[in-house]
Amino acid sequence: MVAATDTNTSHIDHLMDIPVIDLSLKKSKVAKLIVKACEDYGFFKVINHGVPHNIIKKMEDESLDFFHKPLHDKIRAGSANPFGYGSKNIGLRGDKGELEYLILKTNHDSIVNTPQFRCAVSSYVECVRELACKILELIAKGLGVPRSVFSHLLRHFDSDSLLRLNHYPPVLNQTIGFGEHSDPQILALLRSNGVAGLQISLGNGNWLPVAPDPHAFCVNIGDVLQAMTNGRFVSVRHRAMANTLPGQSRLSLIFFGAPPPEVTITCPPQLLKQHEPRYRAFTWAEYKSHTYAHRLGETRLDHFKIA
Ligand SMILES: C=C1C[C@]23C[C@@]1(O)CC[C@H]2[C@@]12CC[C@H](O)[C@@](C)(C(=O)O1)[C@H]2[C@@H]3C(=O)O
Ligand SMILES: O=C(O)CCC(=O)C(=O)O
Ligand SMILES: [Fe+2]
C-alpha cells in the first residue's frame, strides 16, 4: 500500500505507471479492479469513462482562454481564498508554486465572467460529478457496502465539491510546481493535457511520474475516503513538477468531490466488523477548517486519529 507514512513500498518501486482501468468492462470485474487499485496504490487511471470529448475540449479551450487573458481580467474572478484566481501563492499559509490557477464552486453560479466559460464549466462539472459518483458506486459494490453510501455526498445539493484549473506556464529550471500534499476531499478526478508533471509519493523518498494521457482521468483517494474506509484506502501524497517544455503550457483540471459541510464523516459499520475505528467522527466543515489552517504538506488526518 502506498501510505503517507508507509515505507514498505519496494513492491511498486519498479512500477512504470499507475493501474489503468477500462470502465467498459463488466461491472463486477471493474468494481474488484478499482478496490484493488485503491488498496494498493490509492491512484488509478480510468479509460472509456464516457465523458464526451467535446465537453472536455470546450472546458480546456475556455480554461486556456482564461489563463491567456491579461492579469487585470483574471483578478476580476476574485482572489483564491478559497474561490477565485491565484498565482504562485497556494492557500493562505505561505506555500508557493510555479503555477496560476482558478478554484470554482460547483453547486452555485461560478464566478467566471463569460457565458461561454460558465456553460463549459457547468457541462464539464455535470459530467465529472457523474463519473465520480459512478466510481464511488463501483467502490461501494467492491467493498460490499450500500451503493450510495459515498456517492450521495457528491449528489447532495449542498455538496462542497470544487473544480480547480491549474495552469503551469513553462519555466527555465526544473523545480516543484505544486508541492507534496494529500487531497482532503473524498475523491479527485484529474485530467491534464499532454504535458507531464504529476508524481505520486512512494513513501520512501521516491516519486512515481504519472504519464499524461489526455484520454484518461486520473483518480485519487482523498483523506475523507481514507477515514470512511477506516484506513483501508490511503489518500496518497502527490505533487506536480513545474513545466519546463519551452513554448508549451501544462493544464490540469481537477474535480474534488466533497461532502456537504454539516455531514458527519464516519466509517460504514460493514467496514468496521471486528476492527476498532481509527478516526474519530468529524464533520466536513470541521475537517475543512483544520485543512485551511495548515500548510499544504501537513498530514491533516492524523489530527483525527484515535490514539
Ligand atoms: C495550503 C493549502 C492550499 C489548500 C488549502 C491548504 O491550507 C491545505 C490543503 C490545500 C488543498 C490541496 C488540494 C486542493 O488543491 C485544495 C483546493 C484543497 O482542498 O486542499 C488545496 C487548498 C487550496 O489551494 O486552497
Ligand atoms: O496539477 C496537478 O497535476 C496536481 C495538482 C494537485 O494535486 C492539486 O491541485 O491538488
Ligand atoms: Fe492534489
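Everything quoted here is computed from the prediction, not taken from an experiment.

K.L.:
Quick rundown of the layout of surface pockets? Include the residues and the values.
P.N.:
Considering only enclosed or pocket space, the largest pocket measures out at about 620 Å³ in volume. Surrounding the largest pocket, 37 residues form its lining, I90, R164, F178, H181 and L296 being those nearest its centre. Looking at the lining of the largest pocket, the elements that each hand over two or more residues are β4 (95–105), β5 (162–168), β6 (176–181), β11 (238–241), β12 (250–257) and α9 (284–292).

K.L.:
Explain the site of ligand 1 residue by residue, including any values.
P.N.:
By nearness alone, 17 residues border ligand 1, and R164, Q185, T291, Y292 and H294 come closest of all. At 2.8 Å, a side-chain N or O of Q185 approaches an oxygen atom of ligand 1. Between H294 and ligand 1, the recorded distance is 2.8 Å, taken from a backbone N or O atom to an oxygen atom. Relative to its unbound accessible surface of 470 Å², ligand 1 loses 99% to contact with the protein. At a threshold of 2 Å from the grid points, most atoms of ligand 1 map onto the largest pocket. Contributing elements (two or more residues each) for the shell around ligand 1: β4, β5, β6 and α9. For the shell around ligand 1, a count of residues per class yields eight nonpolar, five polar and four charged.

K.L.:
Give me the pattern of salt bridges: which residues, what numbers.
P.N.:
Enumeration according to the criterion identifies 17 salt bridges in this entry. In this structure, R155 and E137 form a salt bridge, with 2.9 Å as the shortest nitrogen-oxygen distance. Highlighted residues: R155 in helix α6 (residues 151–155) and E137 in helix α5 (residues 115–143), separated in sequence by 18 residues. Residue classification places R155 among the partly exposed positions, given a relative accessible area of 40%. Across the salt bridge formed by R237 and E180, the nearest N and O atoms sit 2.8 Å from each other. Of this pair, R237 sits in the loop between α7 (223–228) and β11 while E180 sits in strand β6, placing them 57 residues apart in sequence. Among the charged side chains, a salt-bridge network with shared partners connects E130, E137, R147 and R155.

Rules and cut-offs
Residues numbered from 1 in each chain as written. Chains lettered and ligands numbered in written order. Predicted model: local features only at pLDDT ≥ 70, side-chain atom pairs only at ≥ 80, totals over all residues. Heavy atoms only, no water. 1 Å grid on protein atoms, 1.4 Å probe; cavity = no way out; pocket = protein on both sides within 12 Å on 5 of 7 lines; lining within 4 Å. Points joined across faces, edges and corners; volume = space filled by probe spheres on them. Helix = DSSP H or I, 4+ residues; strand = E, 2+ residues; numbered from the N terminus. Near = heavy atom within 4 Å. Polar contact = N/O pair within 3.5 Å; in protein donor to acceptor, adjacent residues only side chain to side chain. Areas by Shrake-Rupley, 256 points an atom, 1.4 Å probe, with all protein chains shown as cover. Sits in = over half its atoms within 2 Å of the grid points. Nonpolar A, V, L, I, M, F, W, Y, C, P; charged D, E, K, R; others polar. Salt bridge = Lys/Arg side-chain N within 4 Å of Asp/Glu carboxyl O. Buried < 20%, exposed > 50% of the residue type's maximum accessible area, 1.4 Å probe, protein only.

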